[in-house]
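Architecture and fold: a report
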Amino acid sequence: MTARKSGSRLETEIERCRSEGQWDKIPELVRQLSAKLISNDDLGELLLGECKLQTYLKENPIKQGASPRGPRPKLVEVRKHLTAALDRGNLKADYLQEASLLMAKLCYVEGEYRDALGHYSHVNLDDMQLGGAPVYRLSMIAEAYATKGLCLEKVPAASPSLSNKNTGSPSSNRSTTDREQEIITCYEKSGDIALLYLQEAEKALSAGMQNRSPKPGPTAQDLELGYFLETGLQRAHVIHFKNGNLTRGVGRFREILRAVENRTTQSLRMTIARQLAEILLRGMCEQSYWSPLEDPPTVSPLDDPTRQGHTHSKNYSLSRRPRVYSGENLFCPQENTEEALLLLLISESMANRDAVLSRIPEHNNDRIISLQSASVVYDLLTIALGRRGQYEMLSECLERAMKFAFEEFHLWYQLALSLMAAGKSARAVKVLKECIRLKPDDPTIPLLAVKLCIGPLHWLDEGECFAKMVIDMGEKAAEFRAKGFLAVGLVYSLKATDASLRSTQEEYQRKALGAFQRAQSLSPTDHLAAFYLALQLAVSRQIPEALGYVRQALQLQGDDVHSLHLLALLLSAQKHYHDALNIIEMALSEYPENFNLLYTKVKLESMCRGPEEALLTCKHMLQIWKSFYNLTNPSDSGRGSSLLDRAIADRRQLNAMTLPDFSDPETGSVHATSIAASRVEQALSEVASSLQSSAPKHGPLHPWMTLAQIWLHAAEVYTGMSKPAEATACTQEASNLFPTSHNVLYMRGQIAELRGNIDEAKRWYEEALSINPTHVKTMQRLGLILHQLQRYSLSEKVLRDAVQVNSTAHDVWNSLGEVLQAQGNAAAATECFLTALELEASSPILPFTIIPRAL
C-alpha cells in the first residue's frame, strides 16, 4: 500500500515535470520510481529516453530547413532507451503510444522520415484522446502532428517504401491536392492542439504556484514553444499563401489570434497580427473583405484563379479545442483597414511593453530585434492611418515609439512627417532638427524645415538658417542646392513684405532677387525658380521683366495655377483687364474650386463686365464653398441667403437658384467668436481688397475664413454699387464668423462712409487699426477722413506711416499729395502725385502678394 502511494506521488511529480519541461529532474525521479516500483522499469526507459531527447534538442536546436546528418552519440542512448521500452511490451497502452511518438520524433531528428511515418501509422494519431489527457501529452500530440506534416513534405508522394511499410501516407495514385490537404490538416491540428496545450500548461503552472511553498520556481515564462510546436502554429498559413489561397491563410491567422492569449505565444501573436495587418492593407480590398465572425467565401478574388478548384477547406474536428475569446458586445471590425488598425495597435502595445532598451553590449542583439519589430509595426501604422488621414493619431503613436528612437533616424523622420501632416508644425521643426543632427548631409530635411518655417509658422529667421544649411552643403546638396537658394529667396521676400522701413524692404527685395536668380541659373528647368523670380520682379514693379520670366515658367509647366494667376495680375498691371480675365477663366477651367482665382475674377468682372457679373461669381463661390467643405455655418443670421439673388434678379433670370442655407440654429456664433479671438491676425488678409489670407490654414478655421472672405467680397461689390443695406448684410455675415477681424471693421467703415457718417467711419477705422496697425487700406481711408476733418498734420502722419508700410500703394501717395496740397506744400504734393501716377501705371487689380509664397 505504501509503495502504491509512493508510486502515485512520484508519478504525479513526474507528470508535472514533463508538463513544465523540467527535464533535469527526471533522472532522479526515475531512480526513485525504479526503486519503489520494480514493475515500472519500462516506464523508466521511456522517461529517460524522452529526457535525453528533449535535452539534446534544447542544446542543439533544429534549424529551419533541414536536419543535419552525422554521428550523434547522445541520440544513440535515446534510441537504446526507447527501443527497450517498445520491445519488452510491458508498457500500458497510453505509455506505449508515447514511446512510439518519441521514436518517430527521434527518427525525424536523425533524418529517417519514412521510419517516422511508419511509427505514426502504428499509433494512429487521430484516435488519441484529447479530453482528460495530461498536459504533457497534449504537447506530444501537437508535436507529432507537426512532425508528421514535416515528414510528408520531405518524402515524395509516390515513394514505394511508403506503400511497402503501410505507413498510411499517400499512395502513388493519390493526387497532389489530396496530399497537400493532408499536410495542411496535420499542421492545423498541430497548431490547435499546441494552443490548447499552452493554455492548459499555463493554467496548471498558475495553480501549482499557488499550492506550492513560496520559494523560487518555474514561472509561466519558462514554457518554450520549441521547433515542432512553432512549426505547427506557423506552417499551415505559410503553405496556404504559397499555394495562392489567401482566404484560408487569413482564416488561419484569425483562428490563432482569437484563441485566448498566454504568455508563451505573445511574441508569435505579435508577428501573426503584424503579418495579417500587412495582408489586409496590401492584398485585400473592401470588396473582398469578410468579417472575422463570418465563414470565408468559397470563391474569392484573393485566391489564385488557376487553383480555384483546389482551395483547401477545413475538414477536420477535434474532441477538444483551444479556448477562444467570447462574450457580449465584443468589438468586431467591419472593413479591412479597421481590422488592420486594430491588429497594429495591439502589436504596438506588445512591442512597447516588451521593448529592450538597455544599451549594454550583452543586450545589443535583443535591442536590435526589438527595434526592427517595432519599426515594421510603425511603418504599417503609417500606411493604415495615412489612408484615413488620421495624422493626429499617427503622430501620437510615433511619439510612443520614441523610447526606441535613440540615434534611430527612421523613427525620428517618420515622427517629423506625421507632425507636419497633423499640423503640429512647431514640434515638427524641433524633431527635424534632431533628424538633421542624425543625418547632416541630407539636404531634404532642412528643406522640409524651411517649408514649415516660411509657411504655417512664419519663423523667417529660423527658415533662413535652415535654407543656408542647404546652400552651405555645396556640391553635396547636388540638385537641392537650387532649392536652397529658392528657399532663402522666399525668406527674404517675406521679410521684405514684413519690413516697416522702406530701406529695409528694398534691401530684402534686392537679396531675394539675387537668390532667385541664382536658383534659376542652377536649375533652369525648374518652373518654380522662374515663377518666384517673376513674382519678386512683379512685387518690385519691374513688370516687363516679370512677364518674361512668368512666360518662361509657363513654358516649363503650362498648367501651374500660380503662374497663370501671376500672368493675369501682370496683365492687369498693364491695364489689359479683358486679357487678364480671359487668363483667369482659363485657369478656372483647370482649377474650378480655387478661391484665390475666383477672388481675382470678382475684381476683374466688376471692372470689365459690371458688378452684376461679379455678384454672380460671389454666389457661385458660396455654392462651391458648401459643396467643397460640406460644413454648416456657425452663424445663425440667415440674412444673407437672398442678398445676391435680389441684386442680380433684374439682370439675370435666376429665381430658380437659391443661395446655400448656412444656418444652424443649434450652433450659433459662439464657436466662431471663440476661435477668432486668438487667430484674427492670421485669419484674414492684410490686404482688404483681396481678402485672401496669406496666413496658414489652421485646420477647421480655414473653411470659415474662406466663407468670411466671400461675404466681404460681396460687400465690397455692393459698396461699389452704392447699396449700403446689402453691403451691411453681407458684412454682418462675415462679422458673425470673425467679429474682431480688421477686414470686417474696415468694411463697416467703408459702408459708414457710403452713408455719409464720417464720425462713425472714423471710429470703425480706428478700431480696425487697433487690431492691425499696419493695414494700409484702413490707414489710407482714415487719413482721408482726417483730411476732411481738416486735421492735416495728423492726416499727413497717418498717410506717411502707410507709405512706410507699403511704398507701392498709389492710392496712399495720391491721398498724401492731397493733404500736402491742402497744407500749401505744392512741391511735395506734386512729387506725391507724380509718384502715384507712376505707381498706378503698374498697379495690378489685386496686390501681387496675394499669391502664396511657399516652398
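Reading the values: the criteria
Residues numbered from 1 in each chain as written. Predicted model: local features only at pLDDT ≥ 70, side-chain atom pairs only at ≥ 80, totals over all residues. Heavy atoms only, no water. Helix = DSSP H or I, 4+ residues; strand = E, 2+ residues; numbered from the N terminus. Contact = heavy atoms within 4.5 Å. Areas by Shrake-Rupley, 256 points an atom, 1.4 Å probe, with all protein chains shown as cover. Core = buried A, V, L, I, M, F, W, Y, C linked by side-chain atoms within 4.5 Å. Buried < 20%, exposed > 50% of the residue type's maximum accessible area, 1.4 Å probe, protein only. pLDDT = per-residue confidence, 0-100. Phe/Tyr/Trp six-rings, centres within 6.5 Å; stacked < 30°, edge-to-face > 60°. Lys NZ or Arg CZ within 6 Å of the ring centre and 35° of its normal.

Attention now moves to the overall build of the protein. Broken down by element type, the protein carries 37 helices and 0 strands. Here the contacts in the protein between residues at least 6 apart in sequence split such that 68% fall between residues at least 24 apart. As displayed, the protein offers around 38,600 Å² of accessible surface, 51% of which is attributable to carbon and sulfur atoms.

Membership of the largest hydrophobic core comes to 228 residues, with the highest contact counts inside it found for Y378, L566, L570, F595 and F848. Take this core: its biggest share by element is 12 residues, from helix α9 (residues 176-211). Beyond its immediate sequence surroundings of up to four residues, F848 is in contact with L535, A538, V539, R541, I543, L566, L569, L570, A573 and S842. With 28 residues, the next largest nonpolar core counts L769, I785, A802 and A828 among its residues.

All right, on to the confidence of the model for the protein then. Regions with low pLDDT carry predicted coordinates that are not meant to be interpreted in detail. Mean pLDDT for the protein: 80, with 83% of residues reaching 70 or above. The weakest mean pLDDT in the protein belongs to helix α29 (residues 670-683) at 31; the strongest belongs to helix α17 (residues 425-438) at 94. Segment residues 160-174 is flagged for pLDDT under 50; beyond a separation of four residues in sequence, or across chains, it makes 28 contacts in the model. Considering only residues more than four positions removed or in separate chains, one finds that residues 633-642, a stretch of pLDDT under 50, has 36 contacts.

Before going further, it helps to spend a moment on the packing of aromatic side chains. Summed over all chains, the structure comprises 11 aromatic pairs. Relative to W704, the ring of W625 lies with its centre 5.4 Å away and its plane at 45°, an arrangement referred to as tilted. On the criterion of sequence distance, the pair formed by W625 in helix α27 (residues 611-629) and W704 in helix α30 (residues 701-720) is long-range, its members being 79 residues apart. We classify W625 as buried; its relative accessible area is 0%. A relative accessible area of 9% places W704 in the buried class. Ring centres of Y746 and Y765 lie 5.9 Å apart, and the angle between their planes is 40°; on these two criteria the pair is classed as tilted. With Y746 in helix α32 (residues 742-754) and Y765 in helix α33 (residues 758-771), this pair connects stretches of sequence that are 19 residues apart. Across the pair, exposure class does not vary: Y746 and Y765 are buried alike. Among the aromatic residues, those joined into a ring-pair cluster are Y108, Y113, Y227 and F228. Taking NZ or CZ as reference, R254 lies 4.8 Å from the ring centre of W290, over its face.

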